[in-house]
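# Coordinate analysis (summary)
Residue strings, one per chain:
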Amino acid sequence: MDARALKIEAARAALSYVESGMRLGIGTGSTAEEFVRLLAEKVAAGMAVTGVPTSERTAALCVQLGVPLATLDEMPELDLTIDGADEVDAELTLIKGGGGALLREKIVAAASARVIVIADRSKLVETLGRFPLPIEVNRFGLKATEIAIGRAAAKLGLDGALTLRMTNGEPFVTDGGHLILDASFGRIPDTRALSEALHAIPGVVEHGLFLELATAVILAGADGIKTLHAAR
Ligand SMILES: O=C(CO)[C@H](O)[C@H](O)COP(=O)(O)O
C-alpha cells in the first residue's frame, strides 16, 4: 500500500467515530485532508456536522467540498477533533506543526471532548524528536527568542539547530502571523519539562508538543489498522 492509501485508511477508520449532529474540529495536513474528502461524501449523503477548521488551508478545502463550517468563537465546545501528527509515542504524546498550523490545532484540540489522531504507522516512535520540533514565535525579538530557546534546551541537555522555516525564499508565516523555528533537538526524553521551559519564554507563542490532548491514535499500516487509546 502506498503512503496515500495508508492515510486514506486511517481517515476512513476515524470517520466511523463521527456521528450526525457533531461539532467537529478538523485538522490540517495531507492526512487530515483525506479525512475532509471522506467527510464531504458523508455530508453530501445527508450527515449533519459542523466543522471548525484548524487552518485557512483546511477551511478552503472544506468550503470547496461543501463541509459546513463555524468559527471556534461561534462553537467554542467541540465533540471531536480529527487531526494528523508528525510523530506519536506510546503515551499518545505528539509532535505536530509540520504543516505550520500547530497553534490553531492545539487551541481546537483543547476545546474538544475527544481528539483522534490519524497517521500511517511510520509516525509511531519510541521517543519523540526525530521530527524537528516546530516552535511558533513572535516576529518581534526573533534573535533574542532563539537564544532563549537554545539556553532553555541546553539546561535540559538538549542541543541542536534552530532553523527559521522558509517558503519560496521568504520566512513562512503562520495563519496567526507568526514565524516558525524548527528545532532539531533529537530525542526528547522529558517532553513535559521541555514544554514548560518553552512556555516560559515570552517570545514563544506555542510549540508542537501535544501532551495529554490525544484520546486515541489510529495508525494505518500494511497489515491494517491499529488504534492506541489514552490511559487517562
Ligand atoms: O501538524 C500538522 C500540521 O500543522 C499535521 O497534522 C502534521 O504535519 C501531519 O501532516 P501529514 O498528515 O501531511 O503528514
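The rules we used
Residues numbered from 1 in each chain as written. Predicted model: local features only at pLDDT ≥ 70, side-chain atom pairs only at ≥ 80, totals over all residues. Heavy atoms only, no water. Pairing = 2+ DSSP bridges. Helix = DSSP H or I, 4+ residues; strand = E, 2+ residues; numbered from the N terminus. Axes fitted to C-alpha atoms, helices over the stretch in contact; angles between N-to-C directions. Contact = heavy atoms within 4.5 Å. Domains from an automatic or database assignment. Salt bridge = Lys/Arg side-chain N within 4 Å of Asp/Glu carboxyl O. Polar contact = N/O pair within 3.5 Å; in protein donor to acceptor, adjacent residues only side chain to side chain. Nonpolar A, V, L, I, M, F, W, Y, C, P; charged D, E, K, R; others polar. Buried < 20%, exposed > 50% of the residue type's maximum accessible area, 1.4 Å probe, protein only. UniProt positions renumbered as here; feature names shortened; annotations may be inferred. Parallel < 35°, antiparallel > 145°, perpendicular 65-115°, else oblique. Left-handed = near helix turned anticlockwise from the far one by under 90°. Near = heavy atom within 4 Å. Areas by Shrake-Rupley, 256 points an atom, 1.4 Å probe, with all protein chains shown as cover. Core = buried A, V, L, I, M, F, W, Y, C linked by side-chain atoms within 4.5 Å.

Our focus in this paragraph is the sheet that holds strand E11 (residues 179–183). Spatially, E8-E11-E7-E12 is the arrangement adopted by the 4 strands of the open sheet, whose pairing is antiparallel. Sheet topology places strand E8 (162–164) and strand E12 (204–207) at the edges, where each strand pairs with a single neighbour. Adjacent strand axes in the sheet meet at a mean angle of 30°, parallel and antiparallel pairs treated alike. Sheet topology note: the E8/E11 ladder contains 3 bridges and is antiparallel. Across the sheet, Thr 163 pairs through a bridge with Asp 182, a residue of E11. In the packing of helix H4 (residues 102–110) onto the sheet, contacts are made with strand E7 (133–137), E11 and E12, and the angle to E12 comes to roughly 65°.

In this section: the domain arrangement of the protein. According to the domain assignment, the protein contains domain 1 (3–125 + 211–222) and domain 2 (133–203). Inter-centroid distance (C-alpha atoms) of domain 1 to domain 2 is 25 Å. At the junction of domain 1 with domain 2, the criterion picks out 2 salt bridges. Taken together, the links from domain 1 to domain 2 amount to 5 residue pairs in polar contact (both at pLDDT 80 or more). Of the residues assigned to the side of domain 1 that touches domain 2, the class counts are 4 nonpolar, 6 polar and 4 charged.

Relative to the elements of secondary structure, Arg 232 occurs in the segment after strand E15 (224–229). Arg 232 sits in the exposed class, given a relative accessible area of 52%. Distance from Arg 232 to Glu 91, taken between C-alpha atoms, is 9.7 Å for residues 141 residues apart in sequence. Setting aside residues no more than four positions away along its own chain, Arg 232 makes contact with Glu 212, Leu 213 and Ala 214.

The subject of this paragraph is the pattern of salt bridges. All told, the structure shown has 15 salt bridges when counted by the stated rule. Notably, a salt bridge pairs Glu 146 with Lys 143, separated by 3.3 Å at the nearest N-O pair. A residue pair is termed a helical-turn pair when its members lie 3 or 4 positions apart in one helix, as Glu 146 and Lys 143 do in helix H5 (residues 142–155) at 3 residues. According to the relative accessible area criterion, Lys 143 is exposed, its value standing at 58%. The structure contains a network of salt bridges with shared partners spanning Arg 4, Glu 34 and Arg 37.

Moving on to the UniProt feature "active site" (unreviewed entry) in the protein. As annotated in UniProt, the feature "active site" (unreviewed entry) corresponds to Glu 105 in the numbering used here. Within the secondary structure layout, Glu 105 lies in helix H4. The contacts of Glu 105, once residues within four sequence positions are left out, are Thr 28, Thr 54, Asp 83, Lys 96, Gly 97 and Phe 210.

So, about the packing of helix H1 (residues 3–15) against helix H2 (residues 30–44). Relative orientation of the contacting elements H1 and H2 amounts to 50°, with a least axis distance of 8 Å. What the angle tells us is that H1 and H2 run oblique. As H1 packs across H2, the resulting crossing turns out to be right-handed. Contacts between H1 and H2 involve Arg 4, Lys 7, Ile 8, Ala 11, Arg 12, Ala 14 and Leu 15 from the former and Ser 30, Thr 31, Glu 34, Phe 35, Arg 37, Leu 38, Leu 39 and Lys 42 from the latter.

Attention shifts here to the site of the ligand. Around the ligand lies a shell of 16 residues, among which Ser 30, Thr 31, Asp 86, Gly 97 and Lys 123 are the nearest. A distance of 2.5 Å is found between an oxygen atom of the ligand and a side-chain nitrogen or oxygen belonging to Ser 30. At a separation of 3.3 Å, an oxygen atom of the ligand approaches a polar backbone atom of Gly 99. In isolation the ligand offers 380 Å² of accessible surface; the protein chains occlude 90% of this area. Across the shell around the ligand, the residue classes tally to 2 nonpolar, 9 polar and 5 charged.

Moving on to the nonpolar core. When a protein is soluble and globular, its nonpolar side chains tend to lie buried together. By size, the foremost hydrophobic cluster in this structure holds 28 residues, and its most contacted members are Val 18, Leu 24, Phe 35, Leu 39, Val 49 and Ile 118. If we skip the residues at most four places from it in the chain, Leu 39 touches Leu 15, Val 18, Leu 24, Ile 26, Met 47, Val 49 and Val 67. Counting residues in hydrophobic clusters, the runner-up holds 24 residues, among them Leu 162, Leu 179, Leu 198 and Leu 209.

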